[in-house]
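Coordinate analysis (summary)
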Amino acid sequence: MSLKLLAEDDRPREKFLQKGKGSLSDSELLAIIMGSGNREESVVELARKILASVNNNWHQLSLLSLKDLMKFKGIGEAKAISIITALEIGRRRAGQEIPERTVIGNSNDAYSILKNNLSDLRTEEFWAIFLNNSNKVIHTSQLTQGGISQSIVDVRVLFKTALEHFSTGVIIAHNHPSGSLKPSKEDMNITQKIKEGGAILSIQLLDHIIITQNSYFSFSDAGLL
């Protein structure tokens, strides 16, 4: 394949990286699935030809068999399988319901999500629940694990995760293996630090929960936020 065609084969991927998936045309999306064209056509040109043969209709394309696709020059068995597989994934996705996200309405809701992860541990761990602006859970993750008496969280990691998930609110939590529900000085300091950092990024700290084997303490319920 010529250097020109090789360069053209890379253009859909570059566009994806620079402008995002929504900027790609149907032919560019199909081109990324195929990966390369043939000696006479770039991958985008080949993709246009294939789509044109089905009136640029994805449903019609999904009806083509392996043999149908392999009639196009440059489409071997592997590429044909990739195209059919991608279309099958799309079909299955369309048939699935969007899972309903859990809504956090109070501290007990947050405790119910995290208690199985934290209540019976012998060492401290620090977790966070990331929420959207409707207080629906987007993501839950363990951020650190430490010793018997302390687990230090890196605030930068916390907010990096929040930004990656486009979170507007966060609930932090850690356990006290000692069984004490009383916040330590360090607990108070890290809570304030995260609250102040979140204010700069427009990410609200909604609560900090301390979890023991049988109960929990909420900074929000105690008026400490």
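Here's a quick rundown of the structure. (Residues numbered from 1 in each chain as written. Predicted model: local features only at pLDDT ≥ 70, side-chain atom pairs only at ≥ 80, totals over all residues. Heavy atoms only, no water.)

**Brief notes about helix H6 (residues 77-94)**
The first and last C-alpha atoms of H6 sit 26 Å apart over 18 residues, in line with the 26 Å expected at 1.5 Å per residue. On its buried side, H6 packs onto helix H2 (26-34), helix H4 (58-62) and helix H5 (66-69). (Helix = DSSP H or I, 4+ residues; strand = E, 2+ residues; numbered from the N terminus. Expected span 1.5 Å × (residues − 1). Contact = heavy atoms within 4.5 Å.)

**Observations regarding the environment of Ser-180**
With respect to the helices and strands, Ser-180 occurs in the loop between strand S3 (169-175) and helix H9 (185-201). As for Ser-180 and Ser-25, which are separated by 155 residues in sequence, their C-alpha atoms are 58 Å apart. In contact with Ser-180, other than residues within four places in its own chain, are Ile-210 and Thr-212.

**Description of the sheet that holds strand S2 (residues 137-145)**
With respect to topology, 5 strands assemble into an open sheet ordered S2-S1-S3-S4-S5, the strand pairing being mixed. Two strands lie at the open edges of the sheet, namely S2 and strand S5 (216-218), each paired on one side alone. Across the sheet, the mean angle separating the axes of adjacent strands is 20° when strand polarity is ignored. Taken together, the 7 bridges between S3 and strand S4 (residues 204-211) define a ladder with parallel strand orientation. (Pairing = 2+ DSSP bridges. Axes fitted to C-alpha atoms, helices over the stretch in contact; angles between N-to-C directions.)

**Overview of the packing of H2 against helix H3 (residues 43-52)**
As a packed pair, H2 and H3 sit with axes 8 Å apart at the nearest point and diverge in direction by 115°. Viewed along their axes, H2 and H3 adopt a mutual orientation that is roughly perpendicular. Note that H2 runs across H3; the crossing there is right-handed. Contacts between H2 and H3 involve Asp-26, Ser-27, Leu-30, Ala-31 and Met-34 from the former and Val-43, Val-44, Leu-46, Ala-47, Arg-48, Ile-50 and Leu-51 from the latter. (Parallel < 35°, antiparallel > 145°, perpendicular 65-115°, else oblique. Left-handed = near helix turned anticlockwise from the far one by under 90°.)

**Regarding the nonpolar core**
Formed by 18 residues in total, the largest nonpolar core has its most connected members in Leu-30, Met-34, Ile-50, Leu-61, Leu-69, Ile-75 and Ile-83. Put simply, the parts of the chain that give this core at least two residues each are H2, H3 and H6. Looking at which element gives the most residues to this core, the answer is H3, with 6 residues. Excluding anything up to four places from it in sequence, Ile-83 contacts Leu-30, Ile-33, Met-34, Leu-61, Leu-69 and Ile-75. (Core = buried A, V, L, I, M, F, W, Y, C linked by side-chain atoms within 4.5 Å. Buried < 20%, exposed > 50% of the residue type's maximum accessible area, 1.4 Å probe, protein only.)

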